[in-house]
Structure formats: C-alpha cells, structure tokens
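Chain residues, written in single-letter form:
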Amino acid sequence: MHHKLYLSLNGYSLRCLLSIFFISLLLRADAQHRKDPWATYGGGGNGSSAESGYAIAVNVDYDAPAGILANTFNPAPAFNIGVLHYLGNFTFNATIGYHVYNPKQAVFTYDDGAGGTGVASYDKYDVIAVYAGAVYNVQLAGTTRFYIGLNWGIYGTHYSYAATDQFSSNSIDLNEEQLYFAPKLGFNFILSGNISLGLEAKYNFFTPEGNSDTNPDVGTYYKSYAAGLMLTYKL
C-alpha cells in the first residue's frame with residue numbers, strides 16, 4: 001500500500017503555501033533587523049508583553065507518541081527551527097522540524113493461529129513537520145510571561161512494516177502527508193534584551209489526508225505529547 005503525497009488548496013499545494021510563508025517571514029525578518037537591530041523585549045522595556053519585531057527560535061522537545069503509535073514506537077527528541085513575528089500581545093511562528101520514532105521492538109515473532117509462528121518487523125517512523133502558529137502572551141512578574149496558542153500545518157511521514165508466516169506475506173512502505181494541529185502553552189523567561197529561554201508543551205494531533213478508498217488510514221487521528229526548551233534570539 002503506497003499513498004501518493006498530494007494536498008491541494010485552490011490548485012496550490014499546502015506544502016508550497018507554508019514554504020512561501022516561511023520564506024517571506026525570513027525576508028521580512030532580515031528587513032526588520034536592518035531597520036531596528038537592537039529592539040528589545042517588553043515593547044522597549046515598558047514592562048508590557050506588547051512588542052514588535054522578529055526573532056529566530058530553536059527548540060528541542062521530548063516527543064512521546066500516544067494512542068495507537070504508543071503501542072509500537074518509543075519517544076524521541078524533536079528538533080525545530082523557526083522565525084517568530086511579534087505583534088502586540090501576539091506572537092506568530094513559521095517553523096520546520098524533524099523527529100524519528102524508533103520501534104519498541106524492531107523484529108518479533110507472533111502466533112499465526114494454526115500452531116506456527118510468523119515474523120514481523122517495523123522500521124522507524126520519520127516525521128518532517130512544516131507548520132505555522134500563533135500564541136497570545138500574558139505578562140507575569142518581572143521578565144516572565146505565559147502564552148497559549150495553536151500550531152497548524154503538515155506532517156510528512158514515512159514508515160514500513162513487514163510480516164511473514166505460513167499463510168501469507170505482507171509488507172507496507174508508506175509515505176503520507178498528514179494534516180497537523182497542536183494546542184500549546186508555555187512560559188518565556190527573558191534573559192537579556194534580545195535572548196529568552198522558553199518552556200513549552202504541546203498536544204500534537206495528525207491525520208492522513210486523501211481518500212479512504214485508497215488509504216485505510218484516512219480518518220485515523222494519531223497523537224503525541226511534546227515538551228521541551230526553546231531558545232529565542234530577538235533580531
């Protein structure tokens with residue numbers, strides 16, 4: 001079973017739209033840097049969460065699969081890099097990321113139901129993420145703030161599976177484009193005029209797009225929990 005990677009929105013690929021958005025933010029970030037390279041957090045130090053400008057963010061998460069995936073795959077580190085745009089009390093992000101779930105048991109035997117045994121194997125589960133997001137910031141005491149928001153975008157995933165017994169031999173090598181969204185919340189601690197450290201937690205949902213006639217996974221929602229650190233450099 002092999003699923004063709006394709007997702008259209010008014011004739012354009014969602015992947016392309018997100019890529020264009022990501023590149024445009026990079027270009028605007030460079031322009032903002034030249035205009036106001038010493039912009040600080042807190043709207044110029046007035047104690048408010050309102051601010052403007054751009055930043056580069058790098059974060060590392062501990063991503064733990066839940067539900068169906070948790071039966072087969074182990075948690076994994078997830079690496080992300082993105083551009084942030086501050087607009088008043090809101091922060092918008094355009095981000096790319098990558099993580100790999102390794103199987104709990106790559107090869108195992110099973111009872112074929114007729115007195116024999118079969119052999120099954122799982123390969124790793126690769127995820128390339130391209131997504132945008134937005135949060136609302138609430139200023140707390142000092143240079144600390146709390147935020148809550150949402151990510152949305154696409155997951156490009158790949159995994160393979162094979163099983164052989166005395167009755168049959170089956171294999172799957174599946175590439176999928178999955179719709180992705182995740183509520184998120186966190187805390188941001190400002191360390192200097194242009195550097196902050198964040199703690200963030202996300203509840204990830206992703207589901208294959210396409211036609212259930214050709215892909216039985218369509219309509220299935222996969223889940224994972226993620227939490228980690230984010231280092232941000234204000235441009």
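Reading the values: rules and limits
Residues numbered from 1 in each chain as written. Predicted model: local features only at pLDDT ≥ 70, side-chain atom pairs only at ≥ 80, totals over all residues. Heavy atoms only, no water. Helix = DSSP H or I, 4+ residues; strand = E, 2+ residues; numbered from the N terminus. Buried < 20%, exposed > 50% of the residue type's maximum accessible area, 1.4 Å probe, protein only. Contact = heavy atoms within 4.5 Å. Areas by Shrake-Rupley, 256 points an atom, 1.4 Å probe, with all protein chains shown as cover. Phe/Tyr/Trp six-rings, centres within 6.5 Å; stacked < 30°, edge-to-face > 60°. pLDDT = per-residue confidence, 0-100. Core = buried A, V, L, I, M, F, W, Y, C linked by side-chain atoms within 4.5 Å. Salt bridge = Lys/Arg side-chain N within 4 Å of Asp/Glu carboxyl O.

A word on the overall build of the protein. Regarding its fold elements, the protein presents 2 helices and 12 strands. Its helices and strands taken in sequence order, the protein reads β-β-α-α-β-β-β-β-β-β-β-β-β-β from the N to the C terminus. Going through the 235 residues of the protein one by one, you find that 43% of them count as buried. Long-range pairs, those at least 24 residues apart, make up 66% of the contacts in the protein with a sequence separation of at least 6. For the protein, the exposed area adds up to about 11,900 Å²; of that, 63% sits on carbon and sulfur atoms.

Scanning all chains against the criterion turns up 16 aromatic pairs. Note on Phe90 and Tyr136: the rings are 5.1 Å apart at their centroids and 65° apart in plane angle, and the pair reads as edge-to-face. Of this pair, Phe90 sits in strand S5 (residues 90–101) while Tyr136 sits in strand S8 (residues 125–139), and the two are 46 residues apart along the sequence. Assessed through its relative accessible area of 36%, Tyr136 is described here as partly exposed. Plain terms: the ring middles of Phe108 and Tyr122 are 6.2 Å apart, the flat faces sit at 15° to each other, and that makes the pair stacked.

To continue, consider the confidence of the model for the protein. On average, the protein scores 82 in pLDDT, and the residues at 70 or more come to 78%. Strand S1 (residues 8–9) is the least confidently modelled element of the protein, averaging 38 in pLDDT, while S5 averages 97, the highest of any element. Overall, residues 1–12 carries pLDDT values under 50, and its contacts beyond four positions in sequence, including any with other chains, amount to 32 contacts. The low-confidence segment residues 32–40, where pLDDT is below 50, has 12 contacts with residues more than four positions distant or belonging to other chains.

When you line up the elements, Phe146 lands in strand S9 (residues 144–164). A C-alpha to C-alpha distance of 5.8 Å links Phe146 and Gly186, two positions 40 residues apart in sequence. Discounting chain neighbours no more than four positions away, the residues touching Phe146 are Tyr136, Asn137, Val138, Leu140, Leu185, Gly186 and Phe187.

Now for the nonpolar core. Leu69, Phe73, Tyr101, Tyr125, Tyr155, Tyr180 and Phe206 are the most contacted members of the largest nonpolar core, which has 15 residues in total. Broken down by secondary-structure element, the contributors of at least two residues to this core are S8, S9 and strand S10 (169–190). Of the residues forming this core, the biggest block, 4 residues, is contributed by S8. Apart from the residues within four sequence positions on either side, Tyr180 is in contact with Tyr131, Asn151, Trp152, Gly153, Ile154, Tyr155, Lys202, Asn204, Phe205 and Phe206. Ranked by size, the runner-up nonpolar core spans 7 residues in total, among them Ala57, Tyr86, Tyr147 and Met230.

What follows covers the environment of Phe79. Of note, Phe79 is situated in strand S4 (residues 76–88). Residues Phe79 and Asp61 lie 18 residues apart in sequence; the distance between their C-alpha atoms is 6.6 Å. With residues near it in sequence (within four places) discarded, Phe79 still touches Asn59, Val60, Ile96, Gly97 and Tyr98.

Side-chain pairs of opposite charge can arise where the charged atoms are in close proximity. In the structure shown here, the tally under the stated rule is 1 salt bridge. Asp61 serves as the salt-bridge partner of Lys202, at 2.8 Å between the closest nitrogen and oxygen. Of the two residues, Lys202 is situated in strand S11 (residues 195–208) and Asp61 in strand S3 (residues 51–66); the sequence distance between them amounts to 141 residues. Considered together, Lys202 and Asp61 belong to a single accessibility category, that of buried residues.

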